[in-house]
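Coordinate inspection notes
As a plain string of letters, each chain reads:
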Amino acid sequence: MSAEQPEPKERKTLDDRQKMTELERIRHSAAHVMATAIVKLWPDAQFASGPAVEKGFYYDVELKHRISPEDFPKIEEEMKKEIKANHVFEKITVTREQALEDSKKGRLGALAERPGNPSKFKIGNLEDIPEGEPITYYKSGDFIDLCAGPHVMRTGNVGAFRLTTVASAYYKGDERNPQLQRIYGTAFKNKTELEAYFTMIEEAKRRDHRKIGQEMGLFVIDTEFVGPGLPMWLPKGAAICEELEKLAKETEFAAGYVRVKTPHIAKEKMYKTSGHLPYYAESMFPPLKYDDSDEFKEERAKVFTAWLNAEVQVETLAEPFVKDKLNPALLPKPDHEGKHGDAIRAAAFELVDKGQAISELTTAVAEYRRLDAELEKLKPEIYYLKAMNCPHHHRIFAAEPRSYRDLPLRLAEYGTNYRYEQSGELFGLMRVRSLNMNDAHIYCTPEQFAQEFNAVNDLYLKYFKIFGIEKYVMRFSTSAPEGLGKKYVNEPELWKKTEDMVRQVLIDSKISYVEVPNEAAFYGPKIDVQVWSVIGREFTLATNQVDFAVPKRFGLVYRDKDNTDKTPLCIHRAPLGTHERFIGFLIEHYAGNFPLWLAPEQVRVLTLGEEEPLLNYAKAIVSELRANFVRCEADFGTDPIKAKIAEAEKAKVHTMLVIGGRDMDAGNVSVRLHGKGNLGAKPKGEVITDILAAIKERRA
RNA sequence: GCCAAUGUAGCUCAGUGGUAGAGCAACGGUUUCGUAAACCGUCGGUCGUCGGUUCAAUCCCGACCAUUGGCUCCA
C-alpha cells in the first residue's frame, strides 16, 4: 500500500553478533572475500553492506559495470586466490574520526586509498553506529572493511562457496536511496555440504507447486488471453477446490454460519464508504466506467457548456447586488479568472432563497440549479471489481433491520476477489490477482466477541489437524501510533480497546503467538496464521481480523435490549485463506500425493485383458464407486499392466484397483496405493466400503 | 514497479547467420501381457511479440510481453 513507509530496521547489537554461528561467520567472511575479488576486478566498486543471510550471503555494491552471472567464474577465480592466500581476518579498533577520515579517502571496502572516490556508503553506515559502541575494521590481505565482525580466523576457513544470483536492492532498503547491485552467494564448511545444499534445492524444485500443478493438470495460467496472476482451475484442480469448499461448508454450517452470494463488482460509493479507496486503491483493479460512449460524452459536454454559461449568467447578474456584502477578509483565494465566483454565487443563492433577488436573477439561479442537478446525473457510473467481500456483506447486514437477538450473525461466502498485485509480486498460485476466498464476516456484540474470536481460532486448529500442518505461528498484528490517520483509521481509543481485547483472548486461550506492531489492517488488528511449506517458503495462509471501523462507516446498527441502536463489531476470517494459496501450499505439502479425500483422481480401475465378463466386472466396480461420488476412472485399454500402472503412478492416482481373471473369479480386487506398492487381493465389498469410509473421514 | 536471467512442438530439452531436431504425450496399427513403460508408423513448430541490421535472422541489436530469482532480516 502506498501509505506504507519503509520501517526502521532493527540493528543487531554486538551481543547478537557474538552469537553468530560458525556457518554465519563463514558466510559473512565469504562476503568480504567476494568484495575483495570484486574490487580487484573493478577498482571503482563502492560497497554498502554484506551480511550473512539465511541461505548464504550477499554484498551490495555500486558499480558502473553491470555484473551478470557471466562474471561469476571470474569473480570466483579471484575469490579462490584470496582463500588460498589464507589471509588472517585482523580486527582493528579505531576512533570515529579515524573511520570517517579513512572513508573520505576511500580506504574502506577497498584495497588501498582511492583519492576522489570516498567510501560513501560506509560513511552512511558509520552514522548508524551508536555513540559509545566501538568502531572496528576487519582487514584481510589489503582489503579493509568497516565491520563489527565476527569472522572466521583466516580466509582459508571459507571452505566451499558459490555465487548464485545478482539482484538489485536499495541502499539501506529505502527506495529514495541509490539502487545497488546485490550479489548473492552461499558458502559452507566444505564441498560436501555445499553440494548437499544444491541437491536439496533441486529436490525442492521437484515439489514446486507450479511444476506439480502442470504435471498433474491442476491449473493453468493463460497469460496471453486471460492475464497474469489469473489462474484457471482444470477439472483435476477444481476437484480439490470443491473438496475444500465442501469441508468449509460442513464445518461452517455446524458452527452456525449462514451462506450468502454477492456480485463481483460494486459502485464507487461502496469503496468510498468502506474506506478502501483511499487506503487500498493501489491494490484494486482500475475502475470500470459504466458508460464511456461518445454519445454519452457529447451529451455531457453539451450540458456542461450550458451549465458554465448559466454560472456566468448568475454571477454577472448577482455581482452588482452582492459585491458590498462580501467581506474581503473572509474571501477565499480568487479563482483563475481573478474572480470570487464561489462566494458570489453563494451570496446570490442566499438572496434568491430569501426572496430578495430580482426576477432575472431568480430565474438564472433556478436554471443553474437545474443544470447542476442534470450534470450530477450525467456522471458516468464507476464500478470496481471487489478486492474483498466485506463491503458486500455489510450491505447484506444493512438489508434488514437487525436486533441483538440476530447476533452473532455469521455470513459466509466463497467469494472471488480481484487484487492488482504488482507484476513483480506474482508467484504461481501463491500470489495471484484473482482470489477465491474462504470468507466470512461475523457481526457480534462486544460481549460475544471473545467467544466468537476463540471459535474462529479453534477452526484454524481443526483444519490444521486435518491437513497435518504442524509448523505455524499466529502473528498478532497491531497498529502504530504514527500510522493513525494515514495507514490506519484515526480512532486511537478504539484501536487500544480492540487490541487489548484480542490480546486478552489470545492469552486466555493459551495460543502461542507473536505480536507484530505496525502491521494491522487499516480497520483493525488482525491475526495472520503463518505456515511454512516443506520447501521452506513462508506464507500467510489464514487470517482473522477485527473490524471496529467499517461497520460504523456503513452506519450498520442493531437494536439492543435497551432499545438503542448500536454498531456491531465485525470479525473477518478466512481460515483456509484462498483456494489459490491454500492449494498451492497443499501441493507442496503433499508433494502432489494427496490423501484419498483430496486426490483429484481417487481411484483408477485397471484391467488385465479384454474379455467381456472381466470388463463387466470392472465396469460394475467403477459404477458403484461413481454412484457414491468417488472420482474413479477406468483404464480398460490394451497396454500391458506394467504400462498402465506406470501411467497411473505418474498421474499420482491415489488407489489403483488391478483386476484380472483371478480376482474376478474370487470376487476380489487387487489394491495398489500410489507410492506404496501392491497390497494384494482383497474382497471387492470390503475394499469399496473402506474407500468410502476413508473419504468420509477425510483420512490423512 | 525496480534489477538480473530466461522464453524453441502439449511437456522436458538439444541446436545453428543459409527455412529446426530428440524423448515423452497425442493419433493409427500390431501386441493380450499379473503390479513403474511391448513394438511399428503418423501428426505436430511464424523458434514469446513487434521492429532494426543483413542478400539472408530462431540465432546479432532494440523495444514490448511473460516467467523465474531478488528487492525484509543493517558496518
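Scroll up for the structure.
Let us now look at helix H6 (residues 191–207). Between its first and last C-alpha, H6 extends 25 Å over 17 residues, near the 24 Å set by a 1.5 Å rise per residue. Those residues of H6 that fall on the buried side of the exposure criterion are Leu194, Tyr197, Phe198 and Ala204. Seen from one end, H6 has its buried residues packed into an arc of 110 degrees, which puts them on one side. Residues Lys191, Thr192 and Arg206 are exposed on H6 and point more than 90 degrees away from its buried face. Lining the buried residues of H6 we find strand S7 (160–170) and strand S8 (179–188). Between a side-chain oxygen at the N-terminus of H6 and the backbone nitrogen of threonine 192 the separation is 3.2 Å; the capping residue is asparagine 190.

To continue, consider the environment of histidine 674. Among the secondary structure elements, histidine 674 is positioned in the loop between strand S28 (668–673) and strand S29 (677–683). Separated by 42 residues in the primary sequence, histidine 674 and cysteine 632 have C-alpha atoms spaced 14 Å apart. For histidine 674, the contacting residues outside a window of four places in its chain are Asn593, Glu649, Lys652, Val653, His654 and Met656. Polar contacts involving the side chain of histidine 674 include one to the side chain of asparagine 593, which spans 2.7 Å.

Read across the open sheet, the 3 strands follow the order S15-S22-S23; overall the sheet is mixed. Edge strands, defined here as strands with exactly one partner in the open sheet, are strand S15 (402–403) and strand S23 (565–566). Bridging between S15 and strand S22 (residues 558–559) involves 2 bridges; their strand directions are parallel. Its bridge partner lying in S22, serine 403 is registered against arginine 559.

Attention shifts here to the environment of asparagine 593. Take asparagine 593: it is sitting in the loop between helix H18 (579–590) and strand S25 (603–607). C-alpha of asparagine 593 to C-alpha of valine 546: the two residues are 47 residues apart in sequence and 36 Å apart in space. Once you skip the residues sitting within four places of it in the chain, asparagine 593 turns out to touch Lys652 and His674.

Throughout the structure, instances matching the rule amount to 41 salt bridges. Between lysine 105 and glutamate 113 there is a salt bridge, with the nearest N and O atoms lying 4.0 Å from each other. A salt bridge links arginine 370 to glutamate 367; its shortest N-O distance comes to 3.2 Å. Within this pair, arginine 370 and its partner glutamate 367 are both found in helix H13 (residues 359–377), separated by 3 residues, close to a single helical turn. Among the residues examined, arginine 370 registers a relative accessible area of 45% and is labelled partly exposed.

As a further point, take the side chain of glutamate 82. Inspection of the secondary structure puts glutamate 82 in helix H3 (residues 72–85). The exposure class assigned to glutamate 82 is buried, which follows from its relative accessible area of 4%. Here the side chain of glutamate 82 touches lysine 40 through a polar contact of 2.8 Å, side chain to side chain. Sequence-distant contacts of glutamate 82, that is, excluding residues within four places in its chain, are made with Val33, Thr36, Lys40, His87 and Thr155.

Turning next to the packing of H6 against helix H7 (residues 209–216). A pair of packed helices is characterised by two quantities: the angle between their axes and the separation of those axes. As a packed pair, H6 and H7 sit with axes 5 Å apart at the nearest point and diverge in direction by 45 degrees. By the criterion of interaxial angle, the relationship of H6 to H7 is oblique. Residues Lys205, Arg206 and Arg207 of H6 pack against His209, Lys211 and Ile212 of H7. When grouped by side-chain class, the residues that make up the contact of H6 with H7 number 1 nonpolar, 1 polar and 4 charged.

Procedures and definitions
- Residues numbered from 1 in each chain as written.
- Chains lettered and ligands numbered in written order.
- Predicted model: local features only at pLDDT ≥ 70, side-chain atom pairs only at ≥ 80, totals over all residues.
- Heavy atoms only, no water.
- Helix = DSSP H or I, 4+ residues; strand = E, 2+ residues; numbered from the N terminus.
- Expected span 1.5 Å × (residues − 1).
- Buried < 20%, exposed > 50% of the residue type's maximum accessible area, 1.4 Å probe, protein only.
- Arc of directions from axis to C-beta.
- Contact = heavy atoms within 4.5 Å.
- Polar contact = N/O pair within 3.5 Å; in protein donor to acceptor, adjacent residues only side chain to side chain.
- Pairing = 2+ DSSP bridges.
- Salt bridge = Lys/Arg side-chain N within 4 Å of Asp/Glu carboxyl O.
- Axes fitted to C-alpha atoms, helices over the stretch in contact; angles between N-to-C directions.
- Parallel < 35°, antiparallel > 145°, perpendicular 65-115°, else oblique.
- Nonpolar A, V, L, I, M, F, W, Y, C, P; charged D, E, K, R; others polar.

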